[in-house]
Amino acid sequence: ETGVTQTPRHLVMGMTNKKSLKCEQHLGHNAMYWYKQSAKKPLELMFVYNFKEQTENNSVPSRFSPECPNSSHLFLHLHTLQPEDSALYLCASSQDFGLAGVGSVKNEQFFGPGTRLTVL
Amino acid sequence: GQNIDQPTEMTATEGAIVQINCTYQTSGFNGLFWYQQHAGEAPTFLSYNVLDGLEEKGRFSSFLSRSKGYSYLLLKELQMKDSASYLCAPGGSYIPTFGRGTSLIVHP
């Protein structure tokens, strides 16, 4: 248990469906992240929120829409996905970032277990 | 941008020592992370280096040379449970960018 939970753990959806992934962290962190992990590929950063403000959007298609209502919760809304979007979606949190000094591990990330998404 | 290079796969014997190398090129640098990821599980933090030199933590040590853009993870007294993927993640902008990972197979 890392203190970061994700639901659902598995999701199968059609290309016309709308679904949402949920992430919750119980660590008192201020930064939260969405990553995509496909087979044989490195972790791809999708979105970053710091103190509820989106600070990174790594050229992610608009069919993925993040929402961060507070520092403990992060959502990823999905609509009209493609089969190539099938992957493991990982949520992570860290204390914050951008404020750490040399030698700090303030942005050590704690990952949730992930949601295994299959798009048919 | 970031360019991260680490071997795809390594094998080693239980009880042995293995060194996983990582070379990187980043625009800016704010430390380098190593994570462990078992199959089907989330990555877990192993180590963080921001200054040159060796950081030791139990059976695991991590080394960094900023001038060479080089790091390695050293695993001693290997155990079967160490079979996993090891991700090198330099942080160019405080947010680490992950390499493809090195799949380590430990056999008896």
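Residues numbered from 1 in each chain as written. Chains lettered and ligands numbered in written order. Predicted model: local features only at pLDDT ≥ 70, side-chain atom pairs only at ≥ 80, totals over all residues. Heavy atoms only, no water.

**What to know about the overall build of chain A**
Per the secondary structure count, chain A includes 0 helices and 11 strands. Order of helices (α) and strands (β) in chain A, N terminus to C terminus: β-β-β-β-β-β-β-β-β-β-β. The C-alpha radius of gyration computed for chain A amounts to 14 Å, which stays within 12% of the reference 14 Å derived for 120 residues, consistent with globular compactness. Expressed along its principal axes, the backbone C-alpha trace of chain A runs to roughly 45 × 25 × 25 Å. Within chain A, the proportion of its 120 residues that are buried is 48%. Residue pairs at least 24 apart in sequence account for 57% of intrachain contacts in chain A once pairs closer than 6 positions are excluded. On chain A, the mean spot of the 11 positive side-chain charges and the mean spot of the 10 negative ones are 7 Å from each other. (Helix = DSSP H or I, 4+ residues; strand = E, 2+ residues; numbered from the N terminus. Rg over C-alpha atoms; globule rule 2.2 N^0.38 Å. Buried < 20%, exposed > 50% of the residue type's maximum accessible area, 1.4 Å probe, protein only. Contact = heavy atoms within 4.5 Å. Lys, Arg positive; Asp, Glu negative; His and termini not counted. Charge placed at Lys NZ, Arg CZ, Asp CG, Glu CD.)

**Topic: the nonpolar core**
All names here are of chain A. If you look at the biggest cluster of nonpolar residues, it comprises 22 residues, and the most contacted ones within it are Trp34, Phe64, Leu76 and Leu78. Sorting the residues of this core by element identifies strand S2 (10-13), strand S3 (18-25), strand S4 (31-37), strand S5 (44-50), strand S7 (64-70), strand S8 (73-79), strand S9 (87-94) and strand S11 (115-119) as the ones contributing at least two each. What leucine 78 contacts, discounting residues up to four positions off in sequence, is Leu11, Met13, Asn17, Lys18, Lys19, Leu21, Arg63, Phe64 and Leu117. (Core = buried A, V, L, I, M, F, W, Y, C linked by side-chain atoms within 4.5 Å.)

**A word on the packing of aromatic side chains**
Evaluation of the coordinates by the stated rule reveals 14 aromatic pairs over all chains. Ring geometry for phenylalanine 64 of chain A versus tyrosine 89 of chain A: centroids 5.9 Å apart, planes at 35 degrees, classification tilted. Pair noted here: phenylalanine 64 of chain A is in strand S7 and tyrosine 89 of chain A is in strand S9, with a separation of 25 residues, a long-range link. What makes phenylalanine 64 of chain A buried here is its relative accessible area of 6%. Looking at tyrosine 89 of chain A, the relative accessible area reads 0%, which means it is buried. Aromatic pair tyrosine 35 of chain B and phenylalanine 98 of chain B: ring centres 5.4 Å apart, planes at 55 degrees, arrangement tilted. Remark: phenylalanine 98 of chain B occurs in the loop between strand S9 (84-90) and strand S10 (102-107) and tyrosine 35 of chain B occurs in strand S4 (residues 32-37); sequence separation between them is 63 residues. By relative accessible area, which is 0% here, tyrosine 35 of chain B ends up buried. When its relative accessible area of 4% is taken as the criterion, phenylalanine 98 of chain B is described as buried. Through pairs of rings, three or more aromatic residues link up here, namely Tyr33, Tyr35 and Phe111 of chain A together with Phe33, Tyr35, Phe45, Tyr48 and Phe98 of chain B. (Phe/Tyr/Trp six-rings, centres within 6.5 Å; stacked < 30°, edge-to-face > 60°.)

**Focus on the side chain of serine 85 of chain B**
Residues and elements named next belong to chain B. Structurally, serine 85 can be placed in strand S9. For serine 85, a relative accessible area of 19% corresponds to the buried category. Contact partners of serine 85, with chain neighbours within four places excluded, come to Tyr35, Gln36, Gln37, Gly101, Thr102 and Ser103.

**Observations concerning the pattern of salt bridges**
Residues and elements named next belong to chain A. Enumeration over the complete set of coordinates arrives at 4 salt bridges over all chains. Among the ionic pairs, aspartate 85 bridges to arginine 63, the shortest N-O distance being 2.7 Å. One end of the pair, aspartate 85, is in the loop between S8 and S9; the other, arginine 63, is in the loop between strand S6 (53-57) and S7, with 22 residues separating them in the sequence. Taking relative accessible area as the criterion, aspartate 85 reaches 2% and is therefore assigned buried. (Salt bridge = Lys/Arg side-chain N within 4 Å of Asp/Glu carboxyl O.)

**Thoughts on the sheet that holds strand S1 (residues 4-7) of chain A**
All names here are of chain A. Strand order in this open sheet of 4 strands is S1-S3-S8-S7, and the pairing throughout is antiparallel. Single-partner strands in this sheet number two, and they are S1 and S7. Sheet twist, expressed as the mean angle between neighbouring strand axes with direction ignored, is 20 degrees. Relative to S8, S3 runs antiparallel, the two sharing 7 bridges. Looking at the pairing, lysine 19 lines up with leucine 78 of S8. (Pairing = 2+ DSSP bridges. Axes fitted to C-alpha atoms, helices over the stretch in contact; angles between N-to-C directions.)

That is the geometry; function is a separate question.
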